[in-house]
Amino acid sequence: MAALTGSKRVVVKIGSALLVDRTTSKLRANWLTALAKDVAMLKARGTDVILVSSGSIALGRGALSLPQTELPLEQSQAAAAVGQIRLARAYEEALTPYKIITAQVLVTLEDSANRRRYLNSRATLEALIGFGVVPIVNENDTVATDEIRYGDNDRLAAQVALTTGADRLILLSDVDGFYSQNPMTAPNAKRFDLIEEITPEIEAMAGEGTSGLSKGGMITKLLAAKTATSGGCAMAITYGSVSRPLHALENGAKATWFTAHGTPQQARKSWIGSMKPQGKILVDPGAASALRAGKSLLSAGVRDVEGSFQRGDPVEILSPHGHRLGQGLAAYSADEARAIKGAHSSQIEPILGYPGRTALIHRDDMAL
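Reading the values: rules and limits
All residue numbers refer to positions counted from 1 along the written sequence of the respective chain. Per-residue local features are limited, in this predicted model, to residues with pLDDT of at least 70; the limit for side-chain atom pairs, both in listing and counting, is 80 or more; totals at the level of whole chains, interfaces and linings are taken over all residues. Only hydrogens and water are set aside when side-chain values are computed; all heavy atoms of the structure are taken into account. Counting from the N terminus, the helices are the DSSP runs of H or I reaching at least four residues and the strands are the DSSP runs of E reaching at least two. Partly exposed residues are those whose accessible area sits between 20% and 50% of the maximum for their type, while under 20% is buried and over 50% is exposed, using a 1.4 Å probe and protein chains only. The contact definition used throughout considers only heavy atoms, calling two residues in contact when any of these lie within 4.5 Å. Any N or O atom pair separated by 3.5 Å or less is treated as a polar contact, with the protein-specific requirement of one donor-capable and one acceptor-capable atom, and with residues adjacent in sequence counted only for side-chain atom pairs. For two strands to be treated as a pair, DSSP must find at least two bridges joining them. Only one rule defines a salt bridge in this text: a Lys or Arg side-chain nitrogen within 4 Å of an Asp or Glu carboxyl oxygen. Whenever a helix is involved, its axis is fitted only over the stretch in contact; in every case the axis is a line through C-alpha atoms, and angles between N-to-C directions fall within 0 to 180 degrees. For this classification, under 35 degrees means roughly parallel, over 145 means roughly antiparallel, 65 to 115 means roughly perpendicular, and everything else is oblique. Put simply, Ala, Val, Leu, Ile, Met, Phe, Trp, Tyr, Cys and Pro go in the nonpolar bin, Asp, Glu, Lys and Arg in the charged bin, and everything else, Gly too, in the polar bin.

**Q** Explanation requested: the environment of Asn 153 in the structure shown.
**A** Following the sequence through the fold, Asn 153 ends up in helix α7 (residues 153-164). The class of Asn 153 is buried, set by a relative accessible area of 7%. Sequence-distant contacts of Asn 153, defined by excluding residues within four places in its chain, comprise Lys 13, Val 52, Ser 53, Ser 54, Asn 138 and Glu 139. Among the polar contacts listed, one links the side chain of Asn 153 to the side chain of Ser 54, at a separation of 2.8 Å.

Below you can see the structure in the form of structure tokens.
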């Protein structure tokens, strides 16, 4: 069974009902302080941590004295704008005693659906994690409308797990796992310790959540599990309201684990390799050898560029003799790639007129 021990990168989803007291619309400061201790525990052992947190609308609702009812879109977005500042400050204050720097990252569904935005999001998150920062990710409720919304942070958390190559996703919930029926209405409901495959029978068991603050029910959690596990990330649903829920999970707290299919790296390579290429890049012998050794493709090693593609589009990588070496996501458009082919990295800025990226195709965005 999957566990937090030994994980390299963990995404933790935190719902509004855990962070905000529904009666008072105030932050549950003691719970957040305890969670910060869990984050520090994971960071101390070298595990990267990303928090996907709801709560901005709930906190803003309280600050603006709005009713505990469904709000019109413009009022929800206003509440999110007011609450997001408070949410970010709360995390910063909770983690500062452990000398952990936090960052606020606001995204919409478009940021993962559009490959260029996806690459930008991924690069930013990787840079933050590289600095030892704990990103606090939330949906950008101040601008997102229905057509560009995730709609729930379960799906958002799963997408963040895929984007960052996480190997564990933890959904802190108002229940301690996945049940055959709603345990609040069916006393004989069975909880699953481990689900290795999400079958139609499992899907039929999913019910809706009961929290007034949380929009995500068990159906959204199953959708998140499908996304995460297909990307090589194991996922757990566990009870979040206890003090230090991640510490509790490590020490045998009830949970349902969903088994990952492969590793994040294997899943990403498979995804890249399965896309229809939009162009071709012919490399020289030195670059071909470097690619086989696990290096990125630099502009200096490019002989020719074919096709019309934009940054983030998949392109074929060909050997000096025209044989397919693999496929990758281009860090430059076709026109830019043609302009800098054969050029050393230090020459990219003079050629393009702006600082470029070191790699034309990064090794993490390549399937050979």
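**Q** Quick question: what am I supposed to make of the sheet that holds strand β3 (residues 102-107) here?
**A** In sheet architecture, strand pairing relies on hydrogen bonds along the backbone and comes in two forms, parallel and antiparallel. Strand order in the open sheet made by the 8 strands is β3-β4-β2-β1-β5-β9-β10-β8, with mixed pairing throughout. Here the strands that pair on one side only, and so sit at the sheet edges, are β3 and β8 (194-195). As paired strands, β3 and strand β4 (residues 134-139) are joined by 6 bridges and run parallel to one another. Across the sheet, Ala 103 pairs through a bridge with Pro 135, a residue of β4.

**Q** Any chance you could explain the pattern of salt bridges here in plain terms?
**A** Between side chains of opposite charge, a pair can form as their charged atoms come close. With the rule as written, the count across this model stands at 13 salt bridges. If you follow the salt bridges from partner to partner, you end up with Arg 9, Asp 48 and Glu 126 in one network.

**Q** Can you help me understand the packing of α7 against helix α9 (residues 218-230) in this one?
**A** Helices that pack against each other are described as a pair by the angle of their axes relative to one another and the distance between those axes. Across the interface, α7 lies against α9 with an axial gap of 8 Å and an inter-helix angle of 10 degrees. The orientation of α7 with respect to α9, classified from their angle, is roughly parallel. For the pair α7 and α9, the contacting residues are Asp 154, Arg 155, Ala 158 and Leu 162 in the first and Thr 220, Lys 221, Ala 224, Thr 227 and Ala 228 in the second. The residue makeup of the contact of α7 with α9, split by class, is 4 nonpolar, 2 polar and 3 charged.

**Q** Hey, could you run me through the sheet that holds strand β13 (residues 302-307) in this one?
**A** In space, the 5 strands of this open sheet follow the order β13-β11-β14-β15-β17, with mixed pairing throughout. In the strand order of this sheet, the two ends are held by β13 and β17 (366-367), each with one partner. As defined by bridge partners, strand β11 (residues 279-283) adjoins β13 across 5 bridges and the pair is classed as antiparallel. Paired with Leu 282 across the bridge in β13 is Asp 304. Contacts between helix α11 (residues 264-274) and the sheet are confined to β15 (324-329) and β17, with β15 contributing the most and set at about 100 degrees to the helix.

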